Structure formats: C-alpha cells, structure tokens
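# Overview (structure and organization)
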Amino acid sequence: DFISVHVSGVLHNKDLINRDFFNKLNPKGAYLINTSRGFIVNEPDLLSNLRNGKILGFAADVLVDEEGKDNIWLGKNLIWQEMALNHKIIITPHIGGSSADTLEKVDRFLISKISRFRLSFSSFNLSISLFCLISHCVFFLLFCFLLYFI
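Here the structure is a predicted model, which means the values were calculated and not measured.

### Focus on unusual backbone geometry
In this structure, Asp15 takes a positive phi of about 60° despite not being glycine. Looking at the element boundaries, Asp15 is found in the loop between strand 1 (2–5) and helix 1 (19–23).

Put into structure tokens, the structure is as follows:
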C-alpha cells in the first residue's frame, strides 16, 4: 500500500498521522509520503513504525519545525537524524511554491552553503541553473526510489 498525505496545514491536523493511524494499517506494511506540512506526521510514532516494519519507506518534502528561523533546527529533527542511518527515508526540498523568485532564493542559499564548503576546491564552480535542474528532478528521484523498493 502507498499512502500519500495531502491535507491542509491547519493546526487541528497536527499529528493526524500518529500511533492510532499506524495501528490501523495493513499488517504487511505501507509506504508513506507526506507533502503537506511536517507537523501532520508524529515523528516519534513514524520512527517506531519504520523500525518495526509497519512503514516500509517514508518520503517527504516537509519536516516538523520546517519553518524554523535558524539553520540549526534541521540537525535536531528526528527524521533528518534517522535518515543518515535508515535507507528507507528520503527527504527532498519542498518545491510546491516554485516560482522564479523562490527558486532563485533557494539557489543562492545553496550556492552560499556550498561556497563555504569549497574552501579547498579552487576549481569548484557551480551555476545557478544546475541547482534549478536538481530541484526540479527531485520528485523524479523520489519515484525511482519507490519503484526500486517495490
């Protein structure tokens, strides 16, 4: 089974996907995709069900506290931390608001991050258009992931 979550980001949908929801799933497991808002999925409950096999794979372009004002929140996010250890998790950029302006802002942000990393790589040169291409191919990669694990 595949479950794709597309609900409004209103507060009464917080933790809509939780322990009770997971307990009602097919015992053979399911894949879960969340493209709504991060707080829709209760992350500790999700991790528990990923580890026990009830959730066979998780893909999202949103995380809890995604609207964090600093760059530190991502490293503290439970799903982000687990992704380093668990190949059944994929996180992609949230590109629902893709417009020329937002893509340019994302591209500039990514370039600034990479330019800090490139201190020892003098020939390292990436263009903004490369990042646009990458951000638009993310969902293609997500589908490839799902097809691979089916």
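### Quick word on the packing of aromatic side chains
On inspection of all chains with the given rule, the structure shows two aromatic pairs. Between Phe2 and Tyr31, the ring centres sit 4.8 Å apart and the planes meet at 10°, which makes this aromatic pair stacked. Residue Phe2 is located in strand 1, and its partner Tyr31 is located in strand 2 (residues 30–34); the two are separated by 29 residues in the primary sequence. For Phe2, a relative accessible area of 43% gives the class partly exposed. On the basis of relative accessible area, Tyr31 is assigned to the buried category, the value being 9%. Each ring, one from Phe21 and one from Phe22, has its centre 5.8 Å from the other, and the planes form 80°; the classification is edge-to-face. Taking the relative accessible area as the measure of exposure, Phe21 reaches 24% and is therefore partly exposed.

The rules behind these values
Residues numbered from 1 in each chain as written. Predicted model: local features only at pLDDT ≥ 70, side-chain atom pairs only at ≥ 80, totals over all residues. Heavy atoms only, no water. Helix = DSSP H or I, 4+ residues; strand = E, 2+ residues; numbered from the N terminus. Phe/Tyr/Trp six-rings, centres within 6.5 Å; stacked < 30°, edge-to-face > 60°. Buried < 20%, exposed > 50% of the residue type's maximum accessible area, 1.4 Å probe, protein only.

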